[in-house]
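The residues making up each chain are set out below.
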Amino acid sequence: MLEMKTHRAGKIFLAVLVLSIIAMMVVVGLGYMETPEGADPILLFGWMTMPLVAGVVFVLVWLVAYLVYFFKYWPYR
Amino acid sequence: MVFDFIALGIFSLIIIVMAAYGYKLSAKTAEDYMMAGRTIGVVVMFFFVLFAISSSWTFYGFPGVLYLHGPGYVFFIWGSVAGFAGLYMFLGPRLWALAKINRFLSPIEVLAERYESKTLRVLLSITMLAFIIPYVGIQPLGVGRGFEALTGLPLWVGAVYTSVLLIILVILGGMRIVAWVNIFLGVVYVTALLGSLFWVVSIVFPDAGLVQAATMLVEIDPAKLSAPGPLGEYTTTLMIGTFVVGLMAFCWPHVVIGVMTARDKKLFRWMPLLVFIFGGLFFYIIPFIWGSLVAPAAMPGITSAAEADSVVQTVIQTYLPRWFAVLVLMGVIAAAVSTAAVQLMTSSIIVARDLIQGVIKPNATDRQITAVARWSVVGIVIFSLSVTVAVQIGAGEEAMALYLTNVSVPGFAQWAPALVGGLLWKRGTKQGALAGTFAGVIYLLLGMLIKGADGSNILFFGLHPVVPTLPLNLILYIVVSHLTPRPSEQIEDVFFNEVDDYLRSDRTV
């Protein structure tokens, strides 16, 4: 991690990861995991519950950030 | 019944033959037994770590909580995926390089040398052993429940069967074979878990699969499809707390030690890819679908934690042929053995390298500490079986998932500040590490022991045990480090400058 703080790409990589964690907490905090008042639960594709959708999006953000940084900019590569 | 025992006998025989082969192959040195000779490549490492993590908890505890409380608990998985990937992206390369250059055999040894403290070595060793050994005991317990449900035999039969298998595997095979066997066990487990899911869905929900299951749940119990769940348990605070607890996965000792067995630094570039794609987007979604969607729709109405823990197996036994249920039990045994074997290896290394050679008998030879590591396995297994005994006599019945997240993880978290600071913060001092770890552990123990009139842990203020204890540990570590003299230049050279040079050079590839 120390090596990531020594260059711009590493700092951006770390910022993306931290922001994704904050975003996850904000999404949960805003109540998107709950069923809206008087409605049915929100299901993507008819079966994916919101906690699953949120997690998949979160993992995809980390995956893309990791692929870009570790295969293009990581100083130890 | 005869078929069950023949199938389980063949399964056990494969593991024993692999262990014996590993014994024949090994170099009979401590480094070979404990660190697999530092030869583990990326594919073996991935299966090694994934199935070290994916215990019988993924078959019983995880789906059990989802069944009872809806999907909110899955945030533990999202945190864990980030935590495991973080270990390989942020800490792994430095820990691996340090261990390789200095021939360290345990992560606690790394920290003891980094902070120049034998006291810290003892404190961390005892703390890690105290929280890992009961978790080892959870695995035979899981298999015991599976045996009980399938064959009607008492709980202890499955627990003893698993324990014997574990002892043979770890004593003979060492870290290398534990890693290799995890590939075999992982394939069995994924086949059983995924195969049973597809089969049950095709039988119970033939018209529209998972969409049909979700539609049924909307009609019978819609609260199970969103937070906070039917019992109102998974509130916003608890989901965020569960996510944070999951992030602590980077400091599980049996996962951290795996990093030190890596063959080269290329592994750290590829491992996160497998963690994200195979772990986060595939493997953990299987038990999630089982526990949050398929089981509640196929078998509604269960309300007790113990029955919910076994719900996946109950569904399989109800809808699928008996021979497949035996395969699934093999999958459960695979999951339990793969995790417990790595935990046992880790515990025996801590006993032999950190307590015996590090403190009690510093001049112990390579051969002696290998022997101690091997035989301490028997003692640890016997001790950990007390968990099964406690459940058998009715003294320790608790949902399995909650043992992992509420007891083991808070314990593992107590070495996180010293671990992260020791590898990444030059200013971290012995006094800071000692003060933080000691305060965190004592607070955690008192918090678990002292109960209010309503039975709650009053010292935790209604929060998850990690939430109050870890910040105290971290703050003390930072403050005391700043108030005490900085580590010597030699420590800075060995633990930071040399490592950085080594990782930047081509020597490591």
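Remember, predicted model here, so these are calculated numbers, not experimental data.

### Observations concerning the overall build of chain B
Point 1. A tally of regular secondary structure across chain B gives 23 helices and 0 strands.
Point 2. Over its C-alpha atoms chain B spans a radius of gyration of 22 Å, differing by no more than 12% from the 23 Å that the globule rule assigns to 509 residues.
Point 3. Taken along the three principal axes of its C-alpha coordinates, chain B extends 70 × 55 × 45 Å.
Point 4. Across the 509 residues of chain B, 64% fall into the buried class.
Point 5. For chain B, the exposed surface amounts to about 17200 Å²; the carbon and sulfur share of it is 68%.

### With respect to the side chain of B:Arg427
All names here are of chain B.
Point 1. With respect to the helices and strands, Arg427 occurs in the loop between α20 (416-424) and α21 (430-449).
Point 2. Here Arg427 is buried and forms no salt bridge, its nearest opposite-charge partner Glu492 lying at an N-O distance of 8.7 Å.
Point 3. From its side chain, Arg427 meets the backbone oxygen of His482 in a polar contact 3.4 Å long.
Point 4. Reaching out from Arg427, the side chain makes a polar contact with the backbone oxygen of Thr484 at a distance of 2.9 Å.
Point 5. Each residue touching Arg427, except ones within four places of it in the same chain, is listed here: Ser481, His482, Thr484, Pro485, Arg486 and Pro487.

### Some points on the interface of chain B and chain A
Point 1. Of the residues lining the interface, 44 residues belong to chain B; the matching set on chain A comes to 40 residues.
Point 2. Inspection of the region where chain B meets chain A yields 0 salt bridges.
Point 3. Counting every contact that joins chain B to chain A gives 8 residue pairs in polar contact (both at pLDDT 80 or more).
Point 4. For the side of chain B that touches chain A, the secondary structure elements donating two or more residues are α5 (75-102), α9 (210-220), α10 (236-247), α12 (266-283), α13 (285-298), α20 and α23 (489-504) of chain B.
Point 5. Across the side of chain B that touches chain A, the residue classes tally to 37 nonpolar, 2 polar and 5 charged.

### Concerning helix α8 (residues 155-204) of chain B
Point 1. Between its first and last C-alpha, α8(B) extends only 30 Å over 50 residues, short of the 74 Å set by a 1.5 Å rise per residue.
Point 2. Taking the largest bend as the criterion, α8(B) deviates by roughly 120°, centred on B:Gly174.

### Looking at unusual backbone geometry
Glycine aside, a negative phi is what most residues show, and trans is what most peptide bonds show.
Residues and elements named next belong to chain B.
Point 1. Going from Ala227 to Pro228, the amide bond is cis rather than trans, its omega being 0°.
Point 2. When you line up the elements, Pro228 lands in the loop between α9 and α10.
Point 3. For Ala36, which is not a glycine, the phi torsion comes out positive at approximately 55°.
Point 4. Mapping Ala36 onto the fold places it in the loop between α2 (30-35) and α3 (42-53).
Point 5. Judged by relative accessible area, Ala36 falls into the buried class, the value being 0%.
Point 6. Positioned with a positive phi, Phe461 is a non-glycine residue whose angle comes to about 55°.
Point 7. Structurally, the position occupied by Phe461 is in the loop between α21 and α22 (466-483).
Point 8. Classification of Phe461 as exposed rests on a relative accessible area of 62%.

### What to know about the packing of aromatic side chains
Two numbers describe a pair of aromatic rings. These are the distance of the centres and the angle of the planes.
Point 1. This structure, assessed with the given rule, holds 38 aromatic pairs over all chains.
Point 2. Judged by centre distance (5.9 Å) and plane angle (70°), the rings of A:Phe13 and A:Phe70 are edge-to-face. Of the two residues, A:Phe13 sits in helix α1 (residues 8-29) while A:Phe70 sits in helix α2 (residues 50-72), which places them 57 residues apart along the sequence.
Point 3. The interplanar angle of 65° and the centroid separation of 6.3 Å between the aromatic rings of A:Trp62 and B:Phe276 together place this pair among those described as edge-to-face. Placement of A:Trp62 in helix α2 and of B:Phe276 in helix α12 is noted, with the two residues assigned to different chains.
Point 4. Residue class for A:Trp62 comes out buried when judged on its relative accessible area of 4%.
Point 5. Clustering of aromatic rings is evident, with ring pairs tying together A:Phe13, A:Phe58, A:Trp62, A:Tyr66, A:Tyr69, A:Phe70, A:Phe71, A:Trp74, A:Tyr76, B:Phe243, B:Trp270 and B:Phe276.
Point 6. Seen from the ring of B:Tyr115, B:Arg114 lies directly overhead, with NZ or CZ sitting 4.8 Å from the centre.

### Thoughts on the confidence of the model for chain A
Point 1. Of the residues in chain A, 100% have a pLDDT of 70 or more, and the chain-wide mean is 92.
Point 2. Within chain A, no element has a lower average pLDDT than strand β1 (residues 43-44) of chain A, which sits at 92, and none a higher one than α2(A), at 96.

### Let's talk about the packing of α8(B) against helix α17 (residues 366-384) of chain B
Residues and elements named next belong to chain B.
Point 1. In contact at an axis separation of 9 Å, α8 and α17 are set at 160° when each is read in the N-to-C sense. Between α8 and α17, the interaxial angle falls into the category roughly antiparallel. Crossing geometry of α8 relative to α17 is assigned as right-handed. In this structure, α8 contributes Ser163, Ile167, Val170, Ile171 and Leu172 to the contact, and α17 contributes Arg374, Trp375, Val377, Val378 and Val381.
Point 2. Split by residue class, the contact of α8 with α17 holds 8 nonpolar, 1 polar and 1 charged.

What counts and how
Residues numbered from 1 in each chain as written. Chains lettered and ligands numbered in written order. Predicted model: local features only at pLDDT ≥ 70, side-chain atom pairs only at ≥ 80, totals over all residues. Heavy atoms only, no water. Helix = DSSP H or I, 4+ residues; strand = E, 2+ residues; numbered from the N terminus. Rg over C-alpha atoms; globule rule 2.2 N^0.38 Å. Buried < 20%, exposed > 50% of the residue type's maximum accessible area, 1.4 Å probe, protein only. Areas by Shrake-Rupley, 256 points an atom, 1.4 Å probe, with all protein chains shown as cover. Lys, Arg positive; Asp, Glu negative; His and termini not counted. Salt bridge = Lys/Arg side-chain N within 4 Å of Asp/Glu carboxyl O. Polar contact = N/O pair within 3.5 Å; in protein donor to acceptor, adjacent residues only side chain to side chain. Contact = heavy atoms within 4.5 Å. Nonpolar A, V, L, I, M, F, W, Y, C, P; charged D, E, K, R; others polar. Expected span 1.5 Å × (residues − 1). Bend = angle between axes of the 7 residues up to and from the residue. Phe/Tyr/Trp six-rings, centres within 6.5 Å; stacked < 30°, edge-to-face > 60°. Lys NZ or Arg CZ within 6 Å of the ring centre and 35° of its normal. pLDDT = per-residue confidence, 0-100. Axes fitted to C-alpha atoms, helices over the stretch in contact; angles between N-to-C directions. Parallel < 35°, antiparallel > 145°, perpendicular 65-115°, else oblique. Left-handed = near helix turned anticlockwise from the far one by under 90°.

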